[in-house]
Amino acid sequence: MIGASLGRIGAVAVFLLRVLGQCPAALAKPRAVIHQIYNAGARSLIIIMLCGLFVGMVLGLQGFDLLQRFGSEDALGVAAALGLLKELGPVVTALLFAGRAGTALTSEIGLMRATDQLTAMEMMAVDPLRHVIAPRFLGGVIAMPLLVAIFDIVGLFGAQLIGVQLMAVDPGAFWSQMQAAVELDDVNEGIVKSLCFGFACSLIAVYEGYHAPPTAQGVGLATTRTVVVSSVLVLLIDYMLTAAFLGR
Amino acid sequence: MSAPPVCIRDLYYAVGTRPIFAGVDIDVAQGQITAVMGPSGTGKTTLLRLLTGQVLADRGRIELFGESVAEVDKAGLYALRRRTGMLFQNGALLTDLTVFENVAFPVRAHARLPESVLRRLVLSKLEAVGLRGAAELMPSQLSGGMARRVALARAIVMDPDLLIYDEPFVGLDPISMGVIVRLIRELNETLGVTSIVVSHDVEELASIAHYSYLLSEGRIVAAGTPDELARSEEPVVRQFMSGAADGPVPFHFPAGDLAADILRRAEPRRRRS
C-alpha cells in the first residue's frame, strides 16, 4: 500500500519533470496555450462567477451576523475581503476547477489515448507531451489565478450586496476599512495559493488522462480520481501554505 | 546497396505468460506491397507495434531501414518514424482539428513552411485521396471510409518511404473498400513507397499484395505470392483462405469439459443464495 503510493508519487514526479521539459517549446507556440487558457478558463467563467456570488453573499450574511454581536458590523468589508482573498477564493475556485476543467482535461486526454490519437502522434514523430499535455498544463496553471481574481471580485460584490444593500452597513465604512486593512501580503498569499492550486490541479488532470487505461471504464475512473486527488491535494496544500504564511 | 525497409529475425514476444510470437522472420522488399495475414487474435497489430518501436520484443531483432528499433534512442526512433506513415484501424484523426489541419499537423510539427506552400501540399494530398472538397469538415462529420482516407492523406503528407496499414478494410462498405484498395495500389505505384498491409481480408489482399505472410499461433505458417498461398495444400492455409469455421485453427477457445464447467460455475451461486 505504502510502496504503491510512493511509486505513484514518484511516477507523477517523473511525469512532471517530462512535462516541464516540454513547456518552453510549448510556450514558443503560444497559440495552443492561449486556446487551452480559453478552454480551462473562459469555459469555467459562469460557474466560477455564480459560485463566487453565492459564497460572497453567504459571507455577507454570516459575517454580518457574527460582527453585529460585537457591534463591529462596519468591519464586514475587511472580513469578506480577507476571507475571500486568502482562503475562500483560491480554495473554492480550485475545487470548482478540479470538478469542471480538471475532469474535462482528464476525459479529453484519456479519450485521445483510447482512440489512438496520442499513438498516432507518436507515430508521426510528434511528442504528445509537447503538443497535447504541456499546452493543457500551462493553460490550467495560467487560468487558475485569473479565475481566482474573478471569483474574489464577484464574491466581494456579493458580500457588498448583502452587507450594504440588505443589512444597511455603511458603504463608506465597508470599502474604506477594507482598503485600510487589506495589505499587499494578503493579496500575494491568494496569488501564491492560486498558482500552487493551478499547478497541482492541472498536473493531476493531465497525469490521470495521459495514464488512463484506454477503455470507457478506465477513462471514467481516471476522471473520478482527478476530482478526488485534486480536492484532497488542494486542501492539503492550503493547510501547508496557510501555516507557512502565518509562521512568517 | 541500401538496407531493406523491414527485416525481422527470430522475433519472440509474450504478454504475461501468453506467447504471441515464437520465432517470426519477415522480410519486406523495397517498393513492394507485403501483406501480413492471419486470423483475429494472432497478434497482427502487435507486430506493427513492435515494428514501430511502440513496444519492445522479448528476443530477436527488428530492423527498420537497417536500424534496430530496440537499440536507437528516442530521437533515432522518431527519425525512423518520420520515414514511416501509418494508417490506423480507426483512422485516429485528431478530433478537435479540421480535415485540413489533421493533414497539415505533421508538417506544422516538423517543418516551417509558408502557409501558401503548406496549403498547396495539404490540398494536393487530399486531392490524391479524393477528399479535397472535405477539407473544412470536422472528423465527426466524416464516414468511416472518409476518415480512413483522410488518415491516409495525413500518412503520406511527409512523403514517407514506408507505409503501414493496420486493418485498412475493417468495417467498410464495398465501395469504400474498393477505394482504399485502389489508393494502396496507386500510392505504391506512383510514389514508389514500400507498403505493409496487415489484414485478414484475403480477396482484397490477393488483388494488391506482391508477397504475403500468414501468421498463426505465433509463427509464420506460410509465405509466398498470393497465387502460391492460394495453391497451398497446408491445412491451416487452406482453412484461412477458404474461411472455414473449424480446422487447425479451432472454432472453440481452449476450455475444459462443458458439463464440469457449468456445474463448477453454478456452485458459488448456490452458496450465495
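What counts and what doesn't
Counting starts from 1 at the beginning of each chain's written sequence and moves along it residue by residue. Each chain takes a letter, starting from A, and each ligand takes a number, starting from 1, following the order in which they are written. Confidence filtering applies because this is a predicted model: local features only for residues at pLDDT of at least 70, side-chain atom pairs given and counted only at 80 or more, and all residues used for totals across whole chains, interfaces and linings. Hydrogens are left out, water is left out, and the side-chain values use all remaining heavy atoms of the structure. Strand pairing is assigned whenever DSSP identifies at least 2 bridges connecting the two strands. Put simply, DSSP H or I for four residues or longer makes a helix, DSSP E for two residues or longer makes a strand, and each gets a number counted from the N terminus. For every element, the axis is a line fit to its C-alpha atoms; helices are fit only across the contacting stretch, and the angle between N-to-C directions ranges from 0 to 180 degrees. Contact between two residues is taken to exist if any of their heavy atoms lie within 4.5 Å; hydrogens are not considered. For any pair of parts, buried area is found by adding up, for both, the accessible area (1.4 Å probe) each one loses once the two are put together. We define a salt bridge as a side-chain nitrogen of Lys or Arg found within 4 Å of a carboxyl oxygen belonging to Asp or Glu. Polar here means any residue outside two lists: the nonpolar Ala, Val, Leu, Ile, Met, Phe, Trp, Tyr, Cys and Pro, and the charged Asp, Glu, Lys and Arg; Gly therefore counts as polar. Looking at any residue, its pLDDT shows the predictor's confidence there, from 0 to 100. The rule is simple: take the accessible area with a 1.4 Å probe, protein chains only, and divide by the maximum for that residue type; under 20% is buried, over 50% is exposed, in between is partly exposed. Only buried residues count toward a nonpolar core. Its members are Ala, Val, Leu, Ile, Met, Phe, Trp, Tyr and Cys residues joined through side-chain atoms within 4.5 Å.

Colleague: Hey, could you run me through the sheet that holds strand β10 (residues 219–224) of chain B in this one?
Modeller: Note on sheets: strands pair through backbone hydrogen bonds, and any given pair is parallel or antiparallel. All names here are of chain B. Pairing in this open sheet of six strands is mixed, and the strands run β6-β7-β8-β3-β9-β10 from one edge to the other. The two strands at the open ends of the sheet, each matched to only one other strand, are β6 (84–87) and β10. Adjacent strand axes in the sheet meet at a mean angle of 15°, parallel and antiparallel pairs treated alike. Direction of pairing for strand β3 (residues 33–37) relative to strand β8 (residues 194–198): parallel, over a ladder of four bridges. Looking at the pairing, Ile33 lines up with Ser195 of β8.

Colleague: Whenever I open this one, the sheet that holds strand β2 (residues 18–28) of chain B confuses me. Can you help?
Modeller: Residues and elements named next belong to chain B. In spatial order, the strands read β2-β1-β4-β5; together these four strands make up an open sheet with antiparallel pairing. Both edges of this open sheet fall to β2 and β5 (67–68), since each of them pairs with a single strand only. Here strand β1 (residues 6–15) runs beside β2; their pairing, made up of eight bridges, is antiparallel. Directly across from Tyr13, in β2, lies its bridge partner Phe21.

Colleague: Is there a simple way to think about the interface of chain B and chain A in this case?
Modeller: Accessible area lost upon the coming together of the parts is a frequently used measure of interface size. If you look at the interface, chain B gives 21 residues, while chain A gives 17 residues. Taking both partners together, chain B and chain A bury about 1700 Å²; carbon and sulfur atoms supply 61% of that area. At the junction of chain B and chain A, the tally comes to two salt bridges. Across the pair B:Lys74 and A:Asp127 runs a salt bridge, and its minimum N-O distance is 2.9 Å. Those elements that provide at least two residues to the side of chain B that touches chain A are α2 (74–82), β6 and α3 (99–110) of chain B. Per element, the largest residue contribution to the side of chain B that touches chain A is five residues, and it comes from α3(B). Of the residues in the side of chain B that touches chain A, the class split is nine nonpolar, six polar and six charged.

Colleague: So what exactly am I meant to see when it comes to the confidence of the model for chain B here?
Modeller: Regions with low pLDDT carry predicted coordinates that are not meant to be interpreted in detail. The pLDDT averaged across chain B works out to 85; a share of 92% of its residues lies at or above 70. Listed scores for the predicted complex are pTM 0.84 and ipTM 0.80.

Colleague: Sorry if this is basic, but what is going on with the pairing of β10(B) here?
Modeller: Looking along a regular strand, one sees the side chains alternate between the two faces of the sheet. Residue and element names in this part refer to chain B. Looking at chain direction, strand β9 (residues 211–216) and β10 are connected through five bridges and run antiparallel. Each residue of the ladder has a partner; that of Ser216, found in β10, is Arg219. Hairpin connection, β9 to β10: the antiparallel pair is bridged by two residues, and Glu217 has positive phi, about 50°.

Colleague: What should I look at first to understand the pairing of β3(B) in this one?
Modeller: Residues and elements named next belong to chain B. Most of β3 is tucked away: five of the five residues are buried. Side chains of β3 alternate between two faces, with Ile33, Ala35 and Met37 and Thr34 and Val36 buried alike. Examined bridge by bridge, β3 and β9 share four bridges and lie parallel to one another. Among the inter-strand pairings, Val36 is bridged to a residue of β9, identified as Tyr213.

Colleague: Teacher, can you tell me more about the nonpolar core here?
Modeller: Among soluble globular proteins, nonpolar side chains are generally buried collectively. A:Phe15, A:Ile133, B:Phe21 and B:Leu51 are the most contacted members of the largest nonpolar core, which has 61 residues in total. When residues of this core are assigned to their parent elements, the largest contribution, seven residues, is made by helix α6 (residues 128–166) of chain A. If we ignore the near neighbours within four places in the chain, the residues touching A:Ile133 are A:Phe15, A:Val19, A:Ile109, A:Pro128, A:Val206 and A:Tyr210. If you look at the next biggest cluster of nonpolar residues, it comprises 50 residues, including B:Met37, B:Leu126, B:Ala209 and B:Leu229.

Colleague: Just to check I follow, could you spell out the environment of B:Tyr12 for this structure?
Modeller: Residue and element names in this part refer to chain B. Along the chain, the position of Tyr12 falls in strand β1. Taking C-alpha positions, Tyr12 is 34 Å from Gly144, a pair spaced 132 residues apart along the chain. Beyond its immediate sequence surroundings of up to four residues, Tyr12 is in contact with Phe21, Ala22, Gly23, Ala57, Asp58 and Arg59.

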